[in-house]
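# Coordinates in review
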Amino acid sequence: MSIDNGRITSATQLYAVIGDPIRHSKSPLMQNAALNSCQIDAVYTAFHVKPEQLQACVEGMRALGIQGMNVTIPHKEQVMKLLDELDHSAQVIGAVNTIVNDNGRLIGYNTDGMGYVRSLKEETGADLQSSRILMIGAGGAARGLAYALLNEGCEQLTIANRTLERAHAIAAELQAFGSIQVAQLEDGRPDILPEEVDVVINTTSVGMHPAVEISPMDKSWLRSSMIVSDIIYNPLMTQLLHDAEEIGAVTHSGLGMFVYQGAIAFELWTGQQAPVHVMREAVLQAL
Ligand code: ATR
């Protein structure tokens with residue numbers, strides 16, 4: 001990668017991602033590729049911020065006029081109380097992954113769910129309003145995706161989880177936005193007929209590096225008519241997606257969610273359309 005410090009001037013604006021750990025993050029590569037491609041006079045860097053320094057970090061953002069930040073593990077929840085305003089997405093999901101510095105007012109957003117939905121639609125052509133969707137998992141990631149899917153007007157959403165109460169809890173929390181059915185997940189088999197599902201989305205971490213050989217779903221439950229999607233992007237092809245591809249289903253990896261959550265953050269910060277292809281290429285090259 002070439003680094004061109006020569007273009008940094010006293011007018012150059014700053015963006016950053018904060019997290020603990022952070023040195024593995026692909027966001028700087030992706031966002032700098034986008035800033036360069038759009039010829040925006042700004043740079044995007046990564047700061048390793050420990051939990052005990054989070055408050056000082058947000059004060060520093062105000063003091064230095066940092067224009068925007070992405071927030072990753074473990075700060076997504078704790079940062080909320082340090083901001084001036086929360087967008088509806090962040091309020092409902094209960095986590096912030098993007099901060100916009102609007103002339104000194106720090107506004108928190110959550111672009112993960114919206115990013116996922118945009119990626120699924122654009123990359124698979126799925127018509128989510130008329131699709132019967134099954135989500136596997138009922139953790140924080142599932143809550144954000146369920147909210148975005150209900151906002152999209154998705155009529156039939158089922159959450160299958162090993163611990164059924166957690167699926168019930170999300171359904172209850174989000175009932176103002178639409179109805180969610182719940183199903184028991186046992187040994188990789190959700191308690192719902194595969195013929196009643198068009199899109200399967202894995203929101204659990206099962207299959208993520210380094211335990212790449214396991215899948216949250218029993219292969220024999222999958223059907224070739226399904227779109228099978230995973231929010232994991234390391235590896236790009238999880239065991240679940242391998243199984244789905246083998247039986248002829250359409251597959252969708254978590255790379256799209258990562259790229260689009262960044263693209264939406266970029267659009268919130270710059271007001272410009274994000275160069276999604278450039279961003280995707282930058283991440284792919286780094287994987
Ligand atoms: P996140 O915030 O990243 O979504 P989380 O809140 O820990 O993480 O949620 C992880 C999800 O993965 C949960 O739905 C969890 O199921 P339980 O609620 O039953 O614990 C699911 N999960 C994790 N490991 C699993 C496994 N081996 N099999 C099935 N589900 C699993």
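Fair warning: this is a prediction, and the values are worked out from it, not measured in the lab.

## Describing the packing of helix α1 (residues 27–37) against helix α9 (residues 276–286)
Between α1 and α9, whose axes approach to 8 Å, the crossing angle comes to 140°. The chirality of how α1 crosses α9 is right-handed. Taking contact as the criterion, the partners of Leu29, Met30, Ala33, Ala34 and Ser37 in α1 are, on α9, Val278, Met279, Ala282, Val283 and Ala286. Residue composition of the contact of α1 with α9, grouped by class: nine nonpolar, one polar and no charged.

## Some points on the site of the ligand
Close to the ligand lie 15 residues; Gly139, Gly140, Arg162, Thr163 and Thr204 are nearest. Here the shell around the ligand gets three residues from one element, more than from any other, and that element is helix α5 (residues 140–151). A breakdown of the residues in the shell around the ligand according to their chemical character gives five nonpolar, eight polar and two charged.

## Some words on the pairing of strand β2 (residues 42–48)
Examined bridge by bridge, strand β1 (residues 13–19) and β2 share seven bridges and lie parallel to one another. Opposite Val17, over in β2, you have Ala46 as the bridge partner. Considered for its hand, the β-α-β crossover made up of β1, α1 and β2 is right-handed.

Criteria and thresholds
- Residues numbered from 1 in each chain as written.
- Predicted model: local features only at pLDDT ≥ 70, side-chain atom pairs only at ≥ 80, totals over all residues.
- Axes fitted to C-alpha atoms, helices over the stretch in contact; angles between N-to-C directions.
- Helix = DSSP H or I, 4+ residues; strand = E, 2+ residues; numbered from the N terminus.
- Left-handed = near helix turned anticlockwise from the far one by under 90°.
- Contact = placed C-beta atoms within 7 Å.
- Nonpolar A, V, L, I, M, F, W, Y, C, P; charged D, E, K, R; others polar.
- Near = placed C-beta within 6 Å.
- Pairing = 2+ DSSP bridges.
- Right-handed = clockwise from strand over helix to strand, strands pointing away.

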